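Understanding the architecture of this molecule
Next come the chains, spelled out residue by residue.
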Amino acid sequence: FPRWVGQYLKVEGMKTERGEATTNVDPARPEQRTVSWRTEYFVFCCYCHVSLTQSQVAGLFGIKSPSIVSDIVYAWANILNDALKTMFPTPTRSQLLRAYPLRFIRAFGDARAFLLLDATELRAQDADQNLAHGVLHSDYKGTTTLKSLAGCGPIGETFDESVPEHGVIGGGGGDTAATEATGILECVPFGMAVEVDKGFLIDNICALLGIGIHRPPKKMKGQTQQSAEDTALTQKIGNTRIVIEQVNGGAKATGGFFKGVIPILQLGLAPLLIRICFFMQNFSPAFIHGVTIKDNVDVEAGVSYADAREGRPSRAEIRWYGGTDDGLLDVRGKPELWATKQEHQRFNDLRKANADATTDIEIGEMVLKEDWPKRLRQKHRAALG
């Protein structure tokens with residue numbers, strides 16, 4: 001990865017006098033800007049992962065001013081953000097359905113869950129001004145926080161549109177308002193579904209986009225106990241929402257920056273860093289219900305835990321580069337699990353026209369390439385005026 005970053009910097013044309021790519025190019029202070037890109041990357045990692053202060057990092061690397069460290073950190077945060085979002089674009093339905101978790105099919109009876117959406121809160125330094133304090137104060141946490149709206153796919157993969165660039169708001173903001181403001185649901189294809197928690201009252205937004213919603217039912221006023229059907233649905237959604245909860249925890253654990261209280265002067269850096277941390281989850285093994293690394297550990301055969309972890313494909317490899325794992329199915333040849341009415345009819349027509357020439361998976365791929373959701377959403381919006 002660092003080697004790839006070096007190539008990225010060279011393409012961007014950022015050079016030092018020694019020919020090494022660098023980000024801290026400031027003509028006004030050339031005598032202070034002589035750190036190679038490799039050292040800069042290490043500076044960035046020490047500040048964001050090890051949780052050192054800018055003054056500590058400046059002293060450790062012999063940098064004359066903490067403001068230079070701030071410049072380096074901001075520059076690398078932007079570079080990594082731009083690089084990672086190009087590596088992990090929004091997956092197509094074909095990429096999603098080629099390796100779909102069996103657990104979701106068993107829970108909901110279909111393969112329509114495209115996005116698992118949640119909001120996680122990050123502790124922040126309290127603000128002295130009343131207006132800023134009101135924006136940042138979270139009634140849920142009872143303290144000053146930042147709220148990060150983010151989503152993932154069914155195996156825990158994150159992508160550009162699932163982690164909005166403007167998806168971090170003050171802790172006083174609501175989940176519904178943040179969802180509407182960021183437009184995060186636009187990435188969900190027409191006819192697919194989003195899975196959320198009870199606080200996301202986004203039925204109207206989903207109806208306008210023509211997508212389904214999986215959300216645990218709330219108790220009605222005066223209701224002491226949920227019905228058996230509501231309890232079963234709550235358990236199904238809770239069992240599948242473990243994926244996004246694990247992704248949230250992994251993202252916060254990746255950056256030591258978020259283990260403490262975020263300084264008030266670094267609130268502008270936090271959205272970039274949390275976005276990078278979410279993207280980095282794609283390098284971890286896929287989160288699949290019922291499949292663990294321990295299952296592949298065999299002491300007698302010499303397969304350790306580390307070896308078993310290395311043997312499993314990452315989330316990025318599965319979703320974008322053709323990998324697969326236990327507990328995943330290719331459902332492209334089963335339109336009853338994912339197709340709209342029009343797509344199902346199209347599948348049957350192609351099946352009759354190519355009775356012996358192609359397989360069901362190939363027929364399904366032909367239907368998916370026609371991109372029916374885009375046309376159906378346009379038609380749906382036109383009908384709604």
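These remarks concern the structure in this document.

A separate point is the nonpolar core. Counting residues in hydrophobic clusters, the biggest one holds 91 residues, and the most contacted among them are Phe-44, Tyr-100, Leu-115, Leu-185, Val-194, Phe-258 and Ile-262. Examining the composition of this core, we find that 9 residues originate from one element, helix H4 (residues 66-87), more than from any other. Those residues in contact with Phe-258 that sit more than four places away from it in its chain are Leu-122, Lys-252, Ala-270, Leu-273, Ile-274 and Cys-277. In terms of nonpolar packing, the next biggest core, distinct from the first, is built from 7 residues, Ala-99, Val-291, Ile-318 and Leu-328 among them.

Turning next to the packing of aromatic side chains. Under the definition given, this model contains 11 aromatic pairs. Here Tyr-41 and Trp-76 contribute two aromatic rings whose centre-to-centre distance is 5.2 Å and whose plane-to-plane angle is 55°, an arrangement assigned as tilted. Placement of Tyr-41 in helix H2 (residues 37-48) and of Trp-76 in helix H4 is noted, with a sequence separation of 35 residues between them. Accessibility expressed as a relative area gives 0% for Trp-76, which makes it buried. With a centroid separation of 6.3 Å and an interplanar angle of 75°, the aromatic rings of Phe-114 and Phe-159 are classed as edge-to-face. Of this pair, Phe-114 sits in strand E2 (residues 113-123) while Phe-159 sits in the loop between strand E4 (143-152) and strand E5 (168-170), and the two are 45 residues apart along the sequence. For Phe-159, a relative accessible area of 1% gives the class buried. Ring pairing ties together the aromatic residues Phe-88, Phe-279, Phe-283 and Trp-320, which thus form one cluster. Across the ring face of Trp-372, the terminal group of Arg-375 is positioned such that the distance to the ring centre comes to 4.3 Å.

A few words now on the pairing of E4. In summary, the side chains of a regular strand alternate between the two faces of the sheet. Within E4, 9 of the 10 residues are buried, which leaves it mostly tucked inside the rest of the structure. In this structure, E2 lies alongside E4, joined through 8 bridges in antiparallel fashion. When the bridges of E4 are listed, Glu-121 appears paired with Lys-147. The turn joining strand E3 (residues 137-138) and E4, which pair antiparallel and follow one another in sequence, is formed by 4 residues; a positive phi near 75° is taken by Gly-142. Both E4 and E5 contribute to a ladder of 3 bridges, which runs antiparallel. Each bridged residue has a counterpart across the sheet, and for Leu-146 the counterpart in E5 is Gly-170.

So, about the layout of surface pockets. Volume-wise, the largest pocket comes out at about 460 Å³. Asp-118, Ala-119, Glu-121, Tyr-140 and Asp-175 are, among the 21 residues lining the largest pocket, the residues nearest its centre. Counting only elements with at least two residues in the lining of the largest pocket, the list comes to E2 and helix H11 (242-254). For the lining of the largest pocket, a count of residues per class yields 3 nonpolar, 8 polar and 10 charged.

Assignment of secondary structure puts Phe-61 in helix H3 (residues 54-61). By relative accessible area, which is 24% here, Phe-61 ends up partly exposed. Discounting chain neighbours no more than four positions away, the residues touching Phe-61 are Thr-39, Phe-42, Val-43 and Cys-46.

Now for the side chain of Thr-340. If you trace the backbone, Thr-340 turns up in the loop between strand E8 (328-329) and helix H15 (341-353). Discounting residues that sit within four places of it in the chain, Thr-340 has contacts with Phe-190, Gly-191 and Leu-376.

Helix H16 (residues 360-369) packs onto H15 with a crossing angle of 130° between their chain directions and a minimal axis gap of 10 Å. In terms of orientation, H15 lies oblique with respect to H16. The element H15 and its partner H16 pack so that their crossing is right-handed. Contacts between H15 and H16 involve Glu-343, Arg-346, Phe-347, Leu-350 and Arg-351 from the former and Asp-360, Ile-363, Gly-364, Met-366 and Val-367 from the latter. Tallied by class, the residues present in the contact of H15 with H16 amount to 5 nonpolar, 1 polar and 4 charged.

Right, let's get into empty space enclosed by the protein. Applying the stated rule across the entire model yields 1 cavity of 30 Å³ or more. Computed from the structure, the largest cavity encloses a volume of approximately 40 Å³. Along its surface, the largest cavity is lined by Ser-148, Leu-149, Val-163, Pro-164, Gly-167, Val-168, Pro-271, Ile-274 and Arg-275. Of all the elements in the fold, those that place two or more residues in the lining of the largest cavity are E4 and helix H12 (270-280). When residues of the lining of the largest cavity are assigned to their parent elements, the largest contribution, 3 residues, is made by H12. Split by residue class, the lining of the largest cavity holds 6 nonpolar, 2 polar and 1 charged.

This part is about the pattern of salt bridges. This model, assessed by the stated rule, comprises 16 salt bridges. Put simply, Glu-245 and Arg-241 hold a salt bridge, and the shortest N to O gap is 3.5 Å. Here Glu-370 and Arg-346 are joined by a salt bridge, their closest N and O atoms 2.9 Å apart. Of this pair, Glu-370 sits in the loop between H16 and helix H17 (372-384) while Arg-346 sits in helix H15, and the two are 24 residues apart along the sequence. Among the residues examined, Arg-346 registers a relative accessible area of 30% and is labelled partly exposed. Taken together, the salt bridges that share partners define one network made up of Asp-82, Lys-85, Asp-160, Glu-165 and Arg-275.

The rules behind the values
Residues numbered from 1 in each chain as written. Predicted model: local features only at pLDDT ≥ 70, side-chain atom pairs only at ≥ 80, totals over all residues. Heavy atoms only, no water. Core = buried A, V, L, I, M, F, W, Y, C linked by side-chain atoms within 4.5 Å. Buried < 20%, exposed > 50% of the residue type's maximum accessible area, 1.4 Å probe, protein only. Helix = DSSP H or I, 4+ residues; strand = E, 2+ residues; numbered from the N terminus. Contact = heavy atoms within 4.5 Å. Phe/Tyr/Trp six-rings, centres within 6.5 Å; stacked < 30°, edge-to-face > 60°. Lys NZ or Arg CZ within 6 Å of the ring centre and 35° of its normal. Pairing = 2+ DSSP bridges. 1 Å grid on protein atoms, 1.4 Å probe; cavity = no way out; pocket = protein on both sides within 12 Å on 5 of 7 lines; lining within 4 Å. Points joined across faces, edges and corners; volume = space filled by probe spheres on them. Nonpolar A, V, L, I, M, F, W, Y, C, P; charged D, E, K, R; others polar. Axes fitted to C-alpha atoms, helices over the stretch in contact; angles between N-to-C directions. Parallel < 35°, antiparallel > 145°, perpendicular 65-115°, else oblique. Left-handed = near helix turned anticlockwise from the far one by under 90°. Salt bridge = Lys/Arg side-chain N within 4 Å of Asp/Glu carboxyl O.

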